[in-house]
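Letter by letter, the chains look like this.
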Amino acid sequence: MDTRTFTRESKILLTDLRAGRNTNANLQKYISMISSAFTDYSTMKVALNLHTRREEDKGLSDDTELMNILKVAAETGIPDTPEKKAEIRKLIAELSAVRRQITDEMRAITAFVDKLTMHESVLNRKIAANTEDMEIPDIGMVERTVEQFIFSDNDRVGVNLRIQQVIAQLPVRMTRQRFYDVIAESVALYKSGERSVAEDFVDSIRDVAGITEIDDSCLKHYETLYDMLTKTMEMLNSIDYPTVSADEVEKAGSAIEEAAEQLSALSSDLMQKQEIINDLLIFLYASPYAAAEYQDERYPEALELLRKVVSENELEPEELVDRLTGLEGMQEEAYERLTILEADLGILAASMDKQTGSDLKSADILTSSSLFTDIDKMLSLDEDGREMADEALIKGLTEALITDFDRMFSGMDKLKRRGIMAVVLGHVPVFFNSRKEITDYIGYSLERCGDDRELGAVWELLQTVIG
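Throughout what follows, the structure given in this document is the object of discussion. Computed from a prediction, not measured in an experiment: that's the story for all the values here.

**Focus on the overall build of the protein chain**
Looking only at helices and strands, the protein chain features 20 helices and zero strands. Along the longest, intermediate and shortest principal axes, the C-alpha atoms of the protein chain span 75 × 50 × 40 Å. Here the protein chain, with 467 residues, has 47% of them falling under the buried criterion. Contacts in the protein chain between residues far apart in sequence, at least 24 positions, make up 82% of those at least 6 positions apart. Of the roughly 22900 Å² that the protein chain leaves accessible, carbon and sulfur atoms contribute 48%. Both charge centroids of the protein chain, one from 53 positive and one from 89 negative side chains, sit 4 Å from each other.

**Remarks on the pattern of salt bridges**
Tallied over the full model, the rule gives 25 salt bridges. Close ionic contact of Arg435 with Glu147 constitutes a salt bridge, the shortest N to O distance being 3.1 Å. Linking Arg435 in helix 19 (residues 435–447) with Glu147 in helix 5 (residues 139–150), this pair joins segments that are 288 residues apart in sequence. Shared partners join several salt bridges into a network, and the residues in it are Asp203, Arg206, Asp404 and Arg407.

**Remarks on the packing of helix 2 (residues 23–55) against helix 10 (residues 246–286)**
Closest axis-to-axis distance for the helix 2/helix 10 pair is 8 Å, and the angle between their directions is 150 degrees. By the angle between their axes, helix 2 is roughly antiparallel relative to helix 10. For the crossing formed where helix 2 meets helix 10, the hand is left-handed. On helix 10, the residues that touch Ser35, Phe38, Thr39, Ser42, Thr43, Lys45, Val46, Asn49, Leu50 and Arg53 of helix 2 are Asp269, Gln272, Lys273, Glu275, Ile276, Asp279, Leu280, Ile282, Phe283 and Ala286. Here the contact of helix 2 with helix 10 is built from residues that sort into eight nonpolar, six polar and six charged.

**Looking at helix 19**
For helix 19, built from 13 residues, the straight-helix expectation of 18 Å at 1.5 Å per residue is met to within 8% by its first-to-last C-alpha distance of 18 Å. When helix 19 is considered as a whole, its buried residues turn out to be Ile438, Tyr441, Ile442, Gly443, Ser445 and Leu446. Where helix 19 is buried, its residues touch helix 5, helix 6 (156–169), helix 18 (414–425) and helix 20 (452–466).

**Structural notes on unusual backbone geometry**
Non-glycine residue Asn22 carries a positive phi angle of around 50 degrees. Within the secondary structure, Asn22 is located in the loop between helix 1 (3–19) and helix 2. Despite not being glycine, Ser192 has its phi angle at roughly 75 degrees, a positive value. Mapped onto the elements, Ser192 comes out in the loop between helix 7 (176–188) and helix 8 (195–209).

**Details of helix 17 (residues 391–409)**
Taking 1.5 Å of rise per residue, the 19 residues of helix 17 would be expected to cover 27 Å, and the 27 Å separating its terminal C-alpha atoms lies within 8% of that figure. Every buried residue belonging to helix 17 is among Leu393, Ile394, Leu397, Thr398, Leu401, Ile402, Asp404, Phe405, Met408 and Phe409, and all of these are buried. When helix 17 is viewed along its axis, its buried side chains cluster within an angular range of 155 degrees and face the same direction. Projecting away from the buried face of helix 17 at angles above 90 degrees are the exposed residues Ala392, Lys395 and Arg407.

**A look at the nonpolar core**
Core analysis: the largest hydrophobic core is formed by 91 residues, its most contacted members being Tyr30, Leu280, Leu284 and Met352. Considering each element in turn, this core owes the most residues, 16 residues, to helix 10. Excluding anything up to four places from it in sequence, Leu280 contacts Val46, Ile69, Leu70, Ala73 and Leu95. Counting 51 residues, the second-largest nonpolar core is a separate cluster that includes Ile163, Ile420, Val428 and Cys449.

**Description of the environment of Met412**
Topologically, Met412 is positioned in the loop between helix 17 and helix 18. Judged by relative accessible area, which is 17%, Met412 ranks as buried. In the structure, Met412 is positioned 66 residues away from Gly346 in sequence and 49 Å away in space, judged by C-alpha atoms. Non-local contacts of Met412, meaning those with residues more than four positions away in its chain, are made with Arg417 and Ile420.

Parameters and conventions
Residues numbered from 1 in each chain as written. Predicted model: local features only at pLDDT ≥ 70, side-chain atom pairs only at ≥ 80, totals over all residues. Heavy atoms only, no water. Helix = DSSP H or I, 4+ residues; strand = E, 2+ residues; numbered from the N terminus. Buried < 20%, exposed > 50% of the residue type's maximum accessible area, 1.4 Å probe, protein only. Contact = heavy atoms within 4.5 Å. Areas by Shrake-Rupley, 256 points an atom, 1.4 Å probe, with all protein chains shown as cover. Lys, Arg positive; Asp, Glu negative; His and termini not counted. Charge placed at Lys NZ, Arg CZ, Asp CG, Glu CD. Salt bridge = Lys/Arg side-chain N within 4 Å of Asp/Glu carboxyl O. Axes fitted to C-alpha atoms, helices over the stretch in contact; angles between N-to-C directions. Parallel < 35°, antiparallel > 145°, perpendicular 65-115°, else oblique. Left-handed = near helix turned anticlockwise from the far one by under 90°. Nonpolar A, V, L, I, M, F, W, Y, C, P; charged D, E, K, R; others polar. Expected span 1.5 Å × (residues − 1). Arc of directions from axis to C-beta. Core = buried A, V, L, I, M, F, W, Y, C linked by side-chain atoms within 4.5 Å.

Coordinates in, geometry out; function isn't part of it.
See the structure below:
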């Protein structure tokens, strides 16, 4: 079906469904139409992204389990028999397990990065302070330069982002109680919003601060990387920051840089894989309900392209160009079809049988959410209702978080504690109420530098942000 006809029929269908006309037949048509759009969209995305990985000499040949799932799914195509549909359910379970593994790996990577960032925050000041021929700036000049950087335009989101970048580089010159007040103010912003969003934000603070102990055993199969990370963290955790030598600072800085580079490379690779997995899951969830009459007329060619790419046989450049030319615009058109229909999915899914509703909502979550969204959690929120975060919940979350910080800060040296506070302040929403409050905080932080070398070190770090 061409896009113009699909769009026209979709609008008529939605009008009838909203008016309650011929509900049963129209609901089945809706399921077929949205499933067909999901299938068209995901088939093209998997084929193109997998081909891109192969072009970058990455491929998925080392991921035997994932490649096997891809091959079976591509060969199965639109499941039109009970046996094929049973095979699809099996593939969903297997692929979901692979997805959870990658999600766990990404969480472990993020935890390592957060810990490295905390140590780097402290070490950067030491490195900058040891720089020869350091420029000792005029405080007034620094204040003006930073203010111009922050308010270089009127875009509120951009301003807030630049404030966070600056705050993360400034020396923390606030009492622990003031830090806790900032935390409380940040959490309070989520009052009257969804409970799950407030809880996720508090968890993110715990993660950034290193309060949450993340199980990193899922990374052990990257033997060389895991061994390097373990040794790096052991070295960093053993540093006595108040007495650390210049040689130790240089060695630690090099170790952090190497670890960060390898984690970044692995993170990028896993994100590419997760995108392919998500799109393949969309295909698996939606294809059993798709109908040829509502699919793009080029779908057979798209499926054949996927089979070619999955087979790992090299496509001749001329053949690839010919195939892609014939499929040009198909992915974008499929997405346009989805945008027409998916707005009503949440309401209409309640009238479908449980499995169908769950499958289509899962496909929708994977289409519109972040790569690592917890599908089961999102589905349970829809089923149980989205509870709001009231004052009592916000208070409980805040008190528990502050208790965790108190426990972690107990016995910790001042430099490390301030490093953690700086990283957290760079993560939470902007906690200033006016431009004057921002400039006053910057001025106060600069004026409270212990000596000229600390002021020079701060200026060095601010310049890396300002450019």
